[in-house]
Structure formats: structure tokens, C-alpha cells
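# Structural description and commentary
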Amino acid sequence: MLVNTTVSHISPLLNYIPRSAWYEATLASDPNLLSYPNVSYHATNSTTSGRASVSFSWYGTGEVFGGYRSFLGPYTVTLDGDTTTYDGYTGGPDQYEYQLYGISDLPVGKHHISIANTGTDPARPVLDLDYLVFEGKTDSTTTVDHTSNQCVWIPHSTGAWVIDDTTSLASGMMGMNFTGTGVAVYGSLDAHSAPFSVSVDGAPSPPLTPNTAMVNPYANASTLLYVKTGLLQGSHEVWVANDPATSGPNATATKLSISSVVVFSDADASTQ
């Protein structure tokens, strides 16, 4: 079966370039923010920030959603090296959940997408991003809640991990063994969320930095923190480690929060 996975605009899996050219909408900056399905989005303005882009890598097919509004200027989408230009707003009513890009005939494998704001018209300088959806093939998915005894929390000392399994300890880690072809880790993010790293079968990722500076996001549902697919069907191990030392000047970014883990399984994949 085909399974959709949603990637929020605040997920650390998105790479905003340059990061300083993008901002998170607030009710003060956009009175229509409540019209967006997730009551939040990232945006960039070409008149103040020039050409800015956002990129993401994944396995499967994909769609990108943002706002189709009168200020949406031209943008480009580069998928696996091939670039297509889109006009942006061309008329009609504003739409707050609009498919900026979609493709469904990609071969199975790793893909990379980059979306760039290319507008030069001061009347249409904005590109905003709400979320991405990618689709992958799997036989089944299993959700493991943070309360499951499958999850191992380090350190074990009282108070190291609190309700909803949140820690501010630099030594905080969560690990889990799973059987399948992939794994996705979910948790909540806010301005106090620290960078973290993930290792699967002993192979570590670079630090992943949350893309939010909001103290209390208007819609802070559980967010995709990390995903790894394309593994051989079999036994694997995942560890998520808090890494506040890479937070830079933001001394309050110390928190790691994990709510659940989703395991993908595909019997057609080669076993190990």
C-alpha cells in the first residue's frame, strides 16, 4: 500500500537557504493566519531577502502545499536537477491550502526537491510554505507511542524525562529496536527545542535543527522530526540524542520532546 507522510514547515528535515531570509507568520504579520489549515507557515519576501529557497530529500513521490494569494510571486521547483518555473498568483480568490507542486510518477528511490522564490515584482514578492507530503510504498505501518516499553530512555534517573517524554538534559537519549524497512520519529517543537542527532544501526546523522522560533506555536501538533526509509526488511535500532551544545547563541534551546515512532514494514524488500 501507499502511505503519506506529512512534513511540517517547522520540521528540522527542511533546509531553508539562507535561514535568515525566512520567517514564521504570526497573527500580527498576517491577520489571515487562522485561515491556514495548520495556523502557521514559513515565508520569504524577495524585496527584502532576495532569492531564498527551501529543500528536502525523501523516498517516493511528493507534493508541496502553501498559500495561493495575491502576493505569491513566481517560483521555481527543481526536482532531481530538473527545474520548472511557475507564475505564482495569476488571479482568482485566495487559497490557503494550495498545491504549489506535485508529482506522482517518480521511480522508487531517493529524490531531492528545492523550491526558490524568484519574484522581482514588489506587488508579488512572497513565497510561503505550509507543509510537504511524500508518499512511499509499504506493507504496513506500526505506531509506537512514547509510553510503550519498547522505548528505552536514558538516563533512567527520576525527572530526567517528564510527561510527554521531554528532556532538557544534554545526555538525554531515546532508543528503540524495530523490525521493518524504515522508521519515522515524531515530537513537539517550539522555541526551546534543541538540535538533536539520530543514528540508525550505528550510522549517525548530522545535528538536526528545528525550524521554529515560536514560544507557543498556534498549532503545535506532533511534528515529523526524522525519517529513514529504504532499509532492508529486518531488525534495526534507532537512537535519538539531545544535542543542545549545537544551539549556538540560543541558550534556552535545550529541549527534546518525543511523542511516537512509526515503523514501516515491507515484506517485498530484501531481508537481512
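Residues numbered from 1 in each chain as written. Predicted model: local features only at pLDDT ≥ 70, side-chain atom pairs only at ≥ 80, totals over all residues. Heavy atoms only, no water.

### Notes on the overall build of the chain
When helices and strands are counted, the chain shows 1 helix and 23 strands. A compact globule built from 272 residues would reach a C-alpha radius of gyration of about 19 Å, and the chain, at 19 Å, matches this within 12%. Seen along its three principal axes, the alpha-carbon backbone of the chain occupies a region of about 55 × 45 × 30 Å. Across the 272 residues in the chain, those meeting the buried criterion constitute 51%. Sequence separation of at least 24 residues holds for 81% of the intrachain contacts in the chain that already meet a minimum separation of 6. Of the charged side chains in the chain, 8 are positive and 23 negative, and the gap between their average positions amounts to 7 Å. (Helix = DSSP H or I, 4+ residues; strand = E, 2+ residues; numbered from the N terminus. Rg over C-alpha atoms; globule rule 2.2 N^0.38 Å. Buried < 20%, exposed > 50% of the residue type's maximum accessible area, 1.4 Å probe, protein only. Contact = heavy atoms within 4.5 Å. Lys, Arg positive; Asp, Glu negative; His and termini not counted. Charge placed at Lys NZ, Arg CZ, Asp CG, Glu CD.)

### Focus on the nonpolar core
In summary, soluble globular proteins display a tendency toward joint burial of nonpolar side chains. In terms of nonpolar packing, the biggest core is built from 33 residues, with L14, F56, V64, I113, I115, L132 and L224 touching the most fellow members. Apart from the residues lying within four places of it in its own chain, the contact partners of V64 are Y98, Q99, L100, Y101, I113, I115, L129, Y131 and L132. Grouped together as the second largest cluster of nonpolar side chains are 25 residues, I10, W153, W161 and V261 included. (Core = buried A, V, L, I, M, F, W, Y, C linked by side-chain atoms within 4.5 Å.)

### Brief notes about empty space enclosed by the protein
Tallied over the full model, the rule gives 3 cavities of 30 Å³ or more. Its boundaries defined by the atoms lining it, the largest cavity holds a volume of some 50 Å³. If you trace the largest cavity, you find it lined by F56, W58, T61, G62, E63, V64, I113, L132, V133 and F134. Secondary structure elements with two or more residues in the lining of the largest cavity: β5 (53-59), β6 (61-68) and β12 (131-137). (1 Å grid on protein atoms, 1.4 Å probe; cavity = no way out; pocket = protein on both sides within 12 Å on 5 of 7 lines; lining within 4 Å. Points joined across faces, edges and corners; volume = space filled by probe spheres on them.)

These figures capture arrangement, not role.
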